[in-house]
Amino acid sequence: SQTIHQWPATLVQPVGSPLSLECTVEGTSNPNLYWYRQAAGRGLQLLFYSVGIGQISSEVPQNLSASRPQDRQFILSSKKLLLSDSGFYLCAWRREQDEQYFGPGTRLTVT
Amino acid sequence: AQSVSQHNHHVILSEAASLELGCNYSYGGTVNLFWYVQYPGQHLQLLLKYFSGDPLVKGIKGFEAEFIKSKFSFNLRKPSVQWSDTAEYFCAVNAGSDMRFGAGTRLTVKP
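Cut-offs used in this document
Residues numbered from 1 in each chain as written. Chains lettered and ligands numbered in written order. Predicted model: local features only at pLDDT ≥ 70, side-chain atom pairs only at ≥ 80, totals over all residues. Heavy atoms only, no water. Core = buried A, V, L, I, M, F, W, Y, C linked by side-chain atoms within 4.5 Å. Buried < 20%, exposed > 50% of the residue type's maximum accessible area, 1.4 Å probe, protein only. Helix = DSSP H or I, 4+ residues; strand = E, 2+ residues; numbered from the N terminus. Contact = heavy atoms within 4.5 Å. Pairing = 2+ DSSP bridges.

**Let's talk about the nonpolar core**
- Counting residues in each nonpolar core, the largest one holds 29 residues, and the members touching the most others are Leu33, Trp35, Leu47, Leu48, Phe74, Leu76 and Tyr89 of chain B.
- Elements that contribute at least two residues to this core include exactly β2 (10-14), β3 (19-21), β5 (32-38), β6 (44-50), β8 (64-68), β9 (73-78), β10 (87-95) and β12 (105-110) of chain B.
- Other than its neighbours up to four places away in sequence, leucine 33 of chain B contacts Tyr25, Leu48, Lys49, Tyr50, Phe67, Phe74, Ala92 and Val93 of chain B.
- Formed by 20 residues, the second largest nonpolar core is a distinct cluster that contains Leu19, Val25, Trp35 and Leu108 of chain A.

Take a look at the structure:
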C-alpha cells in the first residue's frame, strides 16, 4: 500500500530564516506530486506540482520554491520566510486518472 | 488555468435536513471532478469522484453528486444529514496534471 510522509509536523521559524519541508511517498512510482497551502476560508491553494524528477510547475509567484530531487521526494523551500508564509502546508500525490492522497501536513508559524 | 467556485462558505442545518452544496468550475475541456471532506482535526478524505459515465455519482456515507456539463457544475447532495456530517467540504477539479480546489464549505449540523 502507498503512504505519504511529511515532516516536520509543526515548525516555528523567525522571519527571514530559511525553510525546508519534505514530503516522501512510498509504495508507488512516478507519482504526480503537489504542494498546497490551506488557509481558513481560502481552501487549498495549489503552490507547486511535479510530474517527474526535476519538473516543477509553479502556480503562485512568491518567495517559495519546490524541488523534486528523487522520484518520490518533493521539497518545499524558502530562502527567507515572511510572516505571510505562515499556514498549513499539505503534500499530495496522485496517479493520472485517479484521486489525490494527502499527507498529514505541516503547520508553519513564522514569528 | 481552471478555477473552482464553491458558493456557500458556511451552511448550518438541523439533523435530517437535506443538503446541497454548490460547485462550479471554469474549464472548457475534459475534467475529472471530486468532493473531499475534512472532519475536525483529520486529514482530507475522498467522498466521491467523477471521471466519466453516469453523471450521478454515489459516494460514501450517503453522499452523491451530479455532474451537469452544460452548467459546469458538480453539486454535492445528501437527503438527510447527521450531526457527524459536520465538517468542511471541498470540491476539486483535475484537468491534465494539475488539481485545483474550491475555497471549501463549512457545514455545521445541529443535533
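Still more to cover.
**Thoughts on the pairing of strand β7 (residues 64-70) of chain A**
Residue and element names in this part refer to chain A.
- Both β7 and strand β8 (residues 73-78) contribute to a ladder of 5 bridges, which runs antiparallel. Among the inter-strand pairings, alanine 66 is bridged to a residue of β8, identified as leucine 76.
- Count of turn residues in the β7/β8 antiparallel hairpin: 2 residues.

**Structural notes on the side chain of glutamine 73 of chain A**
Residue and element names in this part refer to chain A.
- If you trace the backbone, glutamine 73 turns up in strand β8.
- When its relative accessible area of 13% is taken as the criterion, glutamine 73 is described as buried.
- Setting aside chain neighbours within four positions, we find glutamine 73 in contact with Glu22, Cys23, Thr24, Leu33, Ser67 and Arg68.

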